[in-house]
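Here are the chains, one letter per residue:
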Amino acid sequence: MKKRLISANWKMHKTIGETEEFLRIFLKSVSLKDDREVLICPPFTSLQTASQILKNSEVRLGAQNCHWEKKGAFTGEISPVMLKDLGCDYVIIGHSERRHIFGEEDEVINRKLISALEEGLRPILCVGEKIEDREAGMTEKVVETQLRLGLSRLEDHIDSIDIAYEPVWAIGTGVPATPEDAVNVHRFINEVLDRLNPSRKRETRVLYGGSVKPENAGEFMKREEIEGLLVGGASLDPESFAKIVESF
Ligand code: 13P
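Residues numbered from 1 in each chain as written. Predicted model: local features only at pLDDT ≥ 70, side-chain atom pairs only at ≥ 80, totals over all residues. Heavy atoms only, no water.

Undergrad: Would you take a moment to explain the overall build of the protein chain for this structure?
TA: Looking only at helices and strands, the protein chain features 10 helices and eight strands. Relative to the compact-globule value of 18 Å for 248 residues, the protein chain shows a C-alpha radius of gyration of 17 Å, a close match. The principal-axis extent of the C-alpha atoms belonging to the protein chain is close to 45 × 45 × 35 Å. Classification of the 248 residues of the protein chain by burial places 53% in the buried group. (Helix = DSSP H or I, 4+ residues; strand = E, 2+ residues; numbered from the N terminus. Rg over C-alpha atoms; globule rule 2.2 N^0.38 Å. Buried < 20%, exposed > 50% of the residue type's maximum accessible area, 1.4 Å probe, protein only.)

Structure representation (structure tokens):
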């Protein structure tokens with residue numbers, strides 16, 4: 001039985017002091033069960049501190065992005081080697097904010113995935129359609145293209161990657177997808193992954209992200225197709241994130 005993955009993406013929030021305070025309260029208030037994995041992805045500047053605090057806990061650490069090279073003249077970038085060195089197990093790749101604010105394209109995302117896997121990080125590949133795609137009935141086409149291009153040459157490694165379905169129109173808007181809509185896209189994602197590698201072991205978890213809150217997390221997690229959550233705003237408060245972790 002796969003462990004479900006409940007993850008916090010803090011985006012560009014929290015200083016080192018705020019990270020320490022969050023983790024102190026969160027570790028005290030959350031009760032962790034064996035059937036789920038909990039992941040925190042703070043900004044790069046908090047990774048070292050978080051790594052030290054989390055090292056004797058079951059909570060895992062991840063980064064929100066990485067470069068595709070191991071080292072070199074890439075001012076301002078962080079490599080997967082550095083993330084591994086900091087104690088990260090996971091890295092989020094291709095988040096919609098990376099795609100749409102920073103212009104990251106599928107080819108770059110693919111290179112980052114390859115590099116993260118080579119360093120032994122477990123990537124969470126984010127996919128999701130914009131509102132205009134959804135209104136034009138293009139959701140499946142957009143998600144399929146992101147999966148095919150992102151996972152190009154990685155067909156044999158699909159089991160080492162998790163996918164987060166985050167419809168762009170649901171991120172930070174307070175308007176989540178309905179569990180039914182999410183389930184339909186999650187099923188479709190699994191169909192595409194099956195086509196890319198019919199002999200995969202189905203170890204990939206398909207997470208939902210977009211306006212997840214303590215009040216709606218349980219509704220998503222009731223559905224077996226939703227194998228985890230990627231939470232932005234509601235993961236910034238330790239009690240709210242603990243409630244999401246305990247919502248099922
Ligand atoms: P919100 O939970 O703030 O909508 O953000 C979702 C997200 O982008 C997680 O990666």
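Undergrad: For this particular structure, what's the right way to read the pattern of salt bridges?
TA: Opposite charge on two side chains permits pairing when their charged atoms draw close. Scanning the model with the defined rule gives 22 salt bridges in all. In this structure, Asp-194 engages Arg-202 in a salt bridge whose closest nitrogen and oxygen atoms are separated by 2.6 Å. (Salt bridge = Lys/Arg side-chain N within 4 Å of Asp/Glu carboxyl O.)

Undergrad: Would you mind showing me how to read helix 7 (residues 139-150) here?
TA: Given a rise of 1.5 Å per residue, 12 residues ought to cover 16 Å, and the 16 Å separating the end C-alpha atoms of helix 7 matches this to within 8%. The inward-facing, buried residues of helix 7 contact helix 4 (96-100), helix 5 (106-118), strand 5 (122-127), helix 6 (131-135), strand 6 (162-165) and helix 8 (179-196). (Expected span 1.5 Å × (residues − 1). Contact = heavy atoms within 4.5 Å.)

Undergrad: Would you explain the nonpolar core in this entry?
TA: Across soluble globular proteins, nonpolar side chains have a tendency to be buried as a group. Within the largest apolar cluster, 61 residues are counted, with the highest numbers of intra-cluster contacts made by Phe-26, Leu-147, Ile-189, Tyr-208, Leu-229 and Phe-241. In contact with Ile-189, other than residues within four places in its own chain, are Val-127, Val-143, Leu-147, Ile-163, Tyr-165 and Val-206. Core analysis: the second largest hydrophobic core is formed by 10 residues, Leu-5, Tyr-90, Ile-124 and Cys-126 among them. (Core = buried A, V, L, I, M, F, W, Y, C linked by side-chain atoms within 4.5 Å.)

Undergrad: Can you help me understand the site of the ligand in this one?
TA: Around the ligand sit 13 residues, and of these Lys-11, His-95, Gly-172, Ser-211 and Gly-233 come closest. A distance of 2.8 Å is found between an oxygen atom of the ligand and a backbone nitrogen or oxygen belonging to Ser-211. One of the backbone N or O atoms of Gly-233 is found 2.8 Å from an oxygen atom in the ligand. Its free accessible area being 310 Å², the ligand has 96% of it covered by the protein chains. Here the shell around the ligand is built from residues that sort into four nonpolar, seven polar and two charged. (Near = heavy atom within 4 Å. Polar contact = N/O pair within 3.5 Å; in protein donor to acceptor, adjacent residues only side chain to side chain. Areas by Shrake-Rupley, 256 points an atom, 1.4 Å probe, with all protein chains shown as cover. Nonpolar A, V, L, I, M, F, W, Y, C, P; charged D, E, K, R; others polar.)

Undergrad: Got a minute to help me understand the packing of helix 1 (residues 16-29) against helix 10 (residues 238-245) in this structure?
TA: When two helices pack together, their arrangement is given by the angle between the helix axes and the distance between those axes. Running from amino to carboxyl end, helix 1 crosses helix 10 at an angle of 35°, the nearest separation of the two axes being 9 Å. Classified by chirality, the crossing of helix 10 by helix 1 is right-handed. Of the residues in helix 10, those touching helix 1 at Phe-22, Ile-25, Phe-26 and Ser-29 are Pro-238, Glu-239, Phe-241, Ala-242 and Val-245. (Axes fitted to C-alpha atoms, helices over the stretch in contact; angles between N-to-C directions. Left-handed = near helix turned anticlockwise from the far one by under 90°.)

Undergrad: Even after reading the chapter, I still don't get the pairing of strand 4 (residues 90-93), so can you show me in this structure?
TA: Along strand 4, one buried face is formed by Tyr-90 and Ile-92 and the opposite face, lined by Val-91 and Ile-93, is buried too. Of the strand pairs in this sheet, strand 3 (residues 60-63) and strand 4 are connected by two bridges, and their pairing is parallel. Paired with Gly-62 across the strands is Tyr-90, a residue of strand 4. As a crossover connection, the stretch from strand 3 through helix 3 (residues 80-85) into strand 4 is right-handed. Here four bridges tie strand 4 to strand 5, and the two strands are oriented parallel to one another. The partner of Ile-92 across the bridge, within strand 5, is Ile-124. (Pairing = 2+ DSSP bridges. Right-handed = clockwise from strand over helix to strand, strands pointing away.)

Undergrad: Whenever I open this one, the packing of aromatic side chains confuses me. Can you help?
TA: For any pair of aromatic rings, geometry is given as the distance between the ring centres together with the angle between the planes. In this structure the tally under the stated criterion is five aromatic pairs. Centre to centre, the rings of Trp-10 and Phe-22 are 4.7 Å apart; their planes meet at 70°, and the pair counts as edge-to-face. One end of the pair, Trp-10, is in the loop between strand 1 (4-9) and helix 1; the other, Phe-22, is in helix 1, with 12 residues separating them in the sequence. Ring pairs connect the aromatic residues Trp-10, Phe-22, Phe-26 and Phe-241, which therefore count as one cluster. Sitting over the ring of Trp-10, Lys-14 keeps its end group 5.3 Å from the ring centre. Between Arg-98 and the ring centre of Phe-102, over which it is positioned, the NZ or CZ distance is 4.3 Å. (Phe/Tyr/Trp six-rings, centres within 6.5 Å; stacked < 30°, edge-to-face > 60°. Lys NZ or Arg CZ within 6 Å of the ring centre and 35° of its normal.)

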